[in-house]
Amino acid sequence: MNTNDPPLNQLFTEARLHQPFGEPSSFGFETRLRAALVKATPGFAEVFAILSWRFAAASLPIALVAFVFLAMRHQHALPDGVGGLVTQWAGFLPLPI
Amino acid sequence: MFFFDTSRATRKVETEIPESEWVARAVKGDEDAFVHLAMSYRPRLWATASRFARSRPELEDLVQDLLLKLWRGLPGYRSAAPFEHWVMTVAVRGCYDFLRSNRRRRESETLVDPTERREDRDPGDERARSRREAWETVSLLLERLEPKDRLVITLLDLEERGVRETAALIGWTESNVKVRAHRARKKMREFLSELGLEP
């Protein structure tokens, strides 16, 4: 690309033609790549971690719906703020609060 | 450690299979198909990555890393886009990640200062020496740029890609590429003056 800057243009033109590291060597390339691919394949732990994260993300709306359902069933109204929430759920605890 | 090359015996048969078939197999998780594609695209990846690496071992690691990114990203490849374009997009973004992650380390390292160049004892080809010196100077200037600026200049001015292609590879708008390139060249010009390397 012409930069409209002769000194930079000249530098780029010369630098473009220089191959600082030469050509890639094919020696051992396939062996190294295959070894890396084996390592890159996710194992059971990685697959489980991915699935569990997705499972958790998918479960969140279900958990919210369940919470709303339970709250409506027991008090026929949603708890009012954090205080109401604590009071409501404290009632289920087997403690003399 | 033994190295083997199993590809030679089957190369004649392999060349008869179109690339799209190799891609389809690789997308399904066929490792042999991916290795075949990797061998085919390696020179292009090498050429692009060589503009960002500072040594041959670093370049080999970067190319290997790009190939792994391609392998991991293959399930997400959609055949609507040309495979080569997808490969280069992943490669360019991989090179950008490489620049960002290595920036601090690179800043602490010293490069060959063109102002302190010594005369070569081995009187090699004058033309080759001129190219190498230009490359060293450009590398020094690029090292001072932000990774985004460096990426744009490398793609536009060293790889001679067009604005539209560069924008597509990086995922920016064309006007963003032009503005970035203009500012980056201005900075390079200033660095060139600071170094006293203006002709």
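Below you will find a few notes about this structure.

Parameters at a glance
- Residues numbered from 1 in each chain as written.
- Chains lettered and ligands numbered in written order.
- Predicted model: local features only at pLDDT ≥ 70, side-chain atom pairs only at ≥ 80, totals over all residues.
- Heavy atoms only, no water.
- Helix = DSSP H or I, 4+ residues; strand = E, 2+ residues; numbered from the N terminus.
- Buried < 20%, exposed > 50% of the residue type's maximum accessible area, 1.4 Å probe, protein only.
- Contact = heavy atoms within 4.5 Å.
- Phe/Tyr/Trp six-rings, centres within 6.5 Å; stacked < 30°, edge-to-face > 60°.
- Lys NZ or Arg CZ within 6 Å of the ring centre and 35° of its normal.
- Buried area = accessible area lost by both parts, 1.4 Å probe.
- Salt bridge = Lys/Arg side-chain N within 4 Å of Asp/Glu carboxyl O.
- Polar contact = N/O pair within 3.5 Å; in protein donor to acceptor, adjacent residues only side chain to side chain.
- Nonpolar A, V, L, I, M, F, W, Y, C, P; charged D, E, K, R; others polar.
- Patch = residues over 30% accessible without salt bridge, like charges linked within 9 Å, V, L, I, M, F, W, Y side chains within 5 Å.
- Areas by Shrake-Rupley, 256 points an atom, 1.4 Å probe, with all protein chains shown as cover.
- Axes fitted to C-alpha atoms, helices over the stretch in contact; angles between N-to-C directions.
- Parallel < 35°, antiparallel > 145°, perpendicular 65-115°, else oblique.
- Left-handed = near helix turned anticlockwise from the far one by under 90°.
- Expected span 1.5 Å × (residues − 1).

**Let's talk about the overall build of chain B**
Counting secondary structure elements, chain B contains nine helices and zero strands. Across the 199 residues in chain B, those meeting the buried criterion constitute 44%. In chain B, 63% of the contacts between residues at least 6 apart in sequence involve partners at least 24 apart.

**Observations concerning the overall build of chain A**
Counting its regular elements, chain A contains four helices and zero strands. Listing the helices and strands of chain A from first to last along the sequence gives α-α-α-α. Across the 97 residues of chain A, 26% fall into the buried class.

**Re the packing of aromatic side chains**
Residues and elements named next belong to chain B. Scanning all chains against the criterion turns up six aromatic pairs over all chains. One cation-aromatic arrangement involves R25 over W22; the distance from NZ or CZ to the ring centre is 5.1 Å. Over the ring of F191 we find R144; its NZ or CZ atom is 5.2 Å from the centre of that ring.

**What about unusual backbone geometry?**
Look at E160 of chain B: it is not a glycine, yet its phi comes out positive at around 55°. Note that E160 of chain B resides in the loop between α7 (147–158) and α8 (163–170).

**Some remarks on the interface of chain B and chain A**
Between chain B and chain A, the residue contacts involve 49 residues of the former and 31 residues of the latter. Both faces combined, the contact of chain B with chain A buries some 4000 Å², and carbon together with sulfur accounts for 65% of it. Counting across the interface, chain B meets chain A through five salt bridges. For D61 of chain B, the salt bridge goes to R32 of chain A, with nearest N and O atoms at 2.7 Å. Remark: the boundary between chain B and chain A carries twelve residue pairs in polar contact (both at pLDDT 80 or more). Put simply, the parts of the chain that give the side of chain B that touches chain A at least two residues each are α3 (31–49), α4 (56–73), α6 (126–143), α7 and α9 (174–194) of chain B. Split into classes, the residues belonging to the side of chain B that touches chain A amount to 25 nonpolar, seven polar and 17 charged.

**Focus on the pattern of salt bridges**
All told, the structure shown has 23 salt bridges over all chains when counted by the stated rule. Note that D97 of chain B and R100 of chain B form a salt bridge whose closest N and O atoms lie 3.5 Å from each other. With D97 of chain B and R100 of chain B both in helix α5 (residues 83–108) and three residues apart, this pair spans about one turn of that helix. When its relative accessible area of 32% is taken as the criterion, D97 of chain B is described as partly exposed. For R150 of chain B, the salt bridge is made with E143 of chain B, and the minimal N-O distance between the two is 3.1 Å. According to the relative accessible area criterion, R150 of chain B is buried, its value standing at 5%. You can call E143 of chain B buried: its relative accessible area is 16%. Each member of the salt-bridge network shares a partner with another, and the members are E30 and R34 of chain A together with E31 and D32 of chain B.

**Let's talk about the environment of K28 of chain B**
Residue and element names in this part refer to chain B. On the secondary structure map, K28 appears in the loop between α2 (19–27) and α3. Exposure remark for K28: the relative accessible area of 75% places this residue in the exposed category. Residues K28 and L74, 46 residues apart in the sequence, show an inter-C-alpha distance of 8.5 Å.

**Considering a nonpolar patch on the surface**
Residue and element names in this part refer to chain A. Taken together, the side chains of F69, L70, L85, W89 and F92 present a nonpolar region at the surface, about 440 Å² in accessible area. For L70, the location among the structural elements is in helix α3 (residues 44–75). Looking at L70, the relative accessible area reads 32%, which means it is partly exposed.

**Quick look at the packing of α2 of chain B against α3 of chain B**
Residues and elements named next belong to chain B. At a closest axis distance of 8 Å, the pairing of α2 and α3 adopts a crossing angle of 130°. In this view, α2 runs oblique relative to α3, as classed from their interaxial angle. Viewed along their axes, α2 and α3 form a crossing whose handedness is left-handed. Across the interface between the two elements, E19, W22, V23, R25 and A26 of α2 pack against A33, F34, H36, L37 and Y41 of α3. Classifying every residue of the contact of α2 with α3 by side-chain character gives seven nonpolar, one polar and two charged.

**What to know about α6 of chain B**
For α6 of chain B, which comprises 18 residues, the first-to-last C-alpha distance of 26 Å matches the rise-based estimate of 26 Å (1.5 Å per residue) to within 8%. If you check which residues of α6 of chain B are buried, you get R129, A134, W135, E136, T137, V138, S139, L140, L141, L142 and E143 of chain B.

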